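Listed below are the residues making up each chain.
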Amino acid sequence: MKKLILTLIFMAIITPIFAQNSSSGNAHTFYYINVRVEKIYPSHTGYIVLYHTQTGTALIGLPNPWFREAAGMAELIRLGAGSDWPSMTVFYVDGEFSFVRLYIHRNRGHESWGSIPMGFDVSRYFGDTFEIQH
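Residues numbered from 1 in each chain as written. Predicted model: local features only at pLDDT ≥ 70, side-chain atom pairs only at ≥ 80, totals over all residues. Heavy atoms only, no water.

## Digging into the packing of aromatic side chains
- Applying the stated rule across the entire model yields 7 aromatic pairs.
- Ring geometry for tyrosine 47 against phenylalanine 67: centres 5.3 Å apart, planes inclined by 75 degrees, an arrangement best described as edge-to-face. Of this pair, tyrosine 47 sits in strand 2 (residues 46-52) while phenylalanine 67 sits in helix 2 (residues 64-68), and the two are 20 residues apart along the sequence.
- Take tyrosine 47: its relative accessible area is 10%, and that puts it in the buried class.
- A centroid spacing of 6.0 Å and a plane angle of 50 degrees characterise the contact between phenylalanine 91 and phenylalanine 99, whose relative ring orientation is tilted.
- Relative accessible area serves as the criterion here: at 23%, phenylalanine 91 is assigned to the partly exposed category.
- Through a chain of ring-to-ring contacts, the aromatic side chains of Tyr32, Phe91 and Phe99 assemble into a single cluster. (Phe/Tyr/Trp six-rings, centres within 6.5 Å; stacked < 30°, edge-to-face > 60°. Helix = DSSP H or I, 4+ residues; strand = E, 2+ residues; numbered from the N terminus. Buried < 20%, exposed > 50% of the residue type's maximum accessible area, 1.4 Å probe, protein only.)

Rendered as structure tokens:
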């Protein structure tokens, strides 16, 4: 019984050392950028987001397929009343875009929701790359 207890204690001390060494080879750098959103414009292509930058505002498009896929690149989080949203959080892994979360007011009648005029070409906001200005 004493040998079993000593073996368990020894394993409990040694195991974290090996776990730390084995995970260092797969280390990734994760970071995020959170920006305030002024307006969200739904369109047939996706959402166009007007957000605040250090120098003013900018527009960016979030395509609809990003929200629909099981392991999509975007998530829409509908919230009630609050002062911390609407906002957009963009996640990066090793300096590359990974995922975006859009925190919005659930009521489409809220002032943060806008509408796009008929005939307005939204395709220029939906490019191959996703880069926000901050």
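## Concerning the pairing of strand 2
- Burial of strand 2 is extensive: 6 of the 7 residues sit out of reach of the surface.
- Both strand 1 (residues 30-42) and strand 2 contribute to a ladder of 5 bridges, which runs antiparallel. By the bridge assignment for strand 2, tyrosine 41 is matched with isoleucine 48.
- Taking the residues that link successive antiparallel strands as the turn, the strand 1-strand 2 hairpin has 3 residues.
- Pairing analysis gives 7 bridges linking strand 2 to strand 3 (residues 57-63), with the strands arranged antiparallel. From the neighbouring strand, tyrosine 47 faces strand 3, where its bridge partner is leucine 62.
- In this antiparallel pair of consecutive strands, strand 2 and strand 3, the connection spans 4 residues, and glycine 56 shows a positive phi of 155 degrees. (Pairing = 2+ DSSP bridges.)

Nothing here speaks to function; it is geometry throughout.
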